[in-house]
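Chains, contacts and geometry: an overview
Single-letter residue listing:
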Amino acid sequence: MEDTQKTLAQIIAEIQDEVGNIKKDSQNPHFKNTYASYEQVLEVLNPILRKHNLVIYHGFGEPIFENQIAVTTELVNTIKNKGLTTTLYIPVSKLDPQMAGSAITYAKRYSILAMLGLGTEDDDGESAIARPKPTGQITREPVQNAVDTGLD
């Protein structure tokens, strides 16, 4: 069956079978763990995505709260011009260029992996996340939202 006749779920299942595990090529010296860098994820996934007529786009959404970065990721079928869109909201302790870059890279990498059902070890998320001090109160914050515009 050609990719043009397959559902997005069928294509993603094939990509999962093709990719297997993405090699961890970077090390976080602070947490002493290894992870697959954004560049490594793209190097592995881009040829496979193209083969299946898919492309990844990233942009910025509107933050819901202060000290937050909203990164929108789209997985789009280049023939049908339909796909998945998700926005990941990353809280940051301060909005300096290094912190923002870390949060953006983290959001892009993990949004792609989540959309395709692939996984890797946590890495620079610790440096991008602002950890609030415990107050004894439970608060609710928005989490990633996803919209399936369908490829059927």
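Residues numbered from 1 in each chain as written. Predicted model: local features only at pLDDT ≥ 70, side-chain atom pairs only at ≥ 80, totals over all residues. Heavy atoms only, no water.

In this section: helix H2 (residues 38-51). With 14 residues, H2 should reach 20 Å at 1.5 Å per residue; the first-to-last C-alpha distance of 20 Å fits that figure. Where H2 bends most, the angle comes to about 35 degrees, and this point is Leu45, followed within four residues by the proline Pro47. Of all the residues in H2, the buried ones are Tyr38, Gln40, Val41, Leu45, Ile48 and Leu49. In this fold, the buried residues of H2 make contact with helix H1 (8-19), strand E3 (54-60), strand E4 (68-77) and helix H3 (97-115). Once H2 finishes, Asn53 follows within two positions and takes phi at roughly 60 degrees, a positive value. (Helix = DSSP H or I, 4+ residues; strand = E, 2+ residues; numbered from the N terminus. Expected span 1.5 Å × (residues − 1). Bend = angle between axes of the 7 residues up to and from the residue. Buried < 20%, exposed > 50% of the residue type's maximum accessible area, 1.4 Å probe, protein only. Contact = heavy atoms within 4.5 Å.)

Moving on to the environment of Thr72. Here Thr72 shows up in strand E4. Residues Thr72 and Glu62, spaced ten residues apart in sequence, show a C-alpha to C-alpha distance of 9.3 Å. Beyond its immediate sequence surroundings of up to four residues, Thr72 is in contact with Tyr57, His58, Gly59, Phe60, Gly61, Thr85, Thr86 and Thr87. Side chain to side chain, Thr72 and Thr87 meet in a polar contact 2.9 Å long. (Polar contact = N/O pair within 3.5 Å; in protein donor to acceptor, adjacent residues only side chain to side chain.)

Before going further, it helps to examine the packing of aromatic side chains. By the definition in use, this model includes one aromatic pair. Their ring planes at 50 degrees and their centres at 4.7 Å tell us that Tyr106 and Tyr110 sit as a pair that is tilted. A residue pair is termed a helical-turn pair when its members lie 3 or 4 positions apart in one helix, as Tyr106 and Tyr110 do in helix H3 at four residues. Comparing Tyr106 with Tyr110 shows no difference in burial state: the two are buried. (Phe/Tyr/Trp six-rings, centres within 6.5 Å; stacked < 30°, edge-to-face > 60°.)

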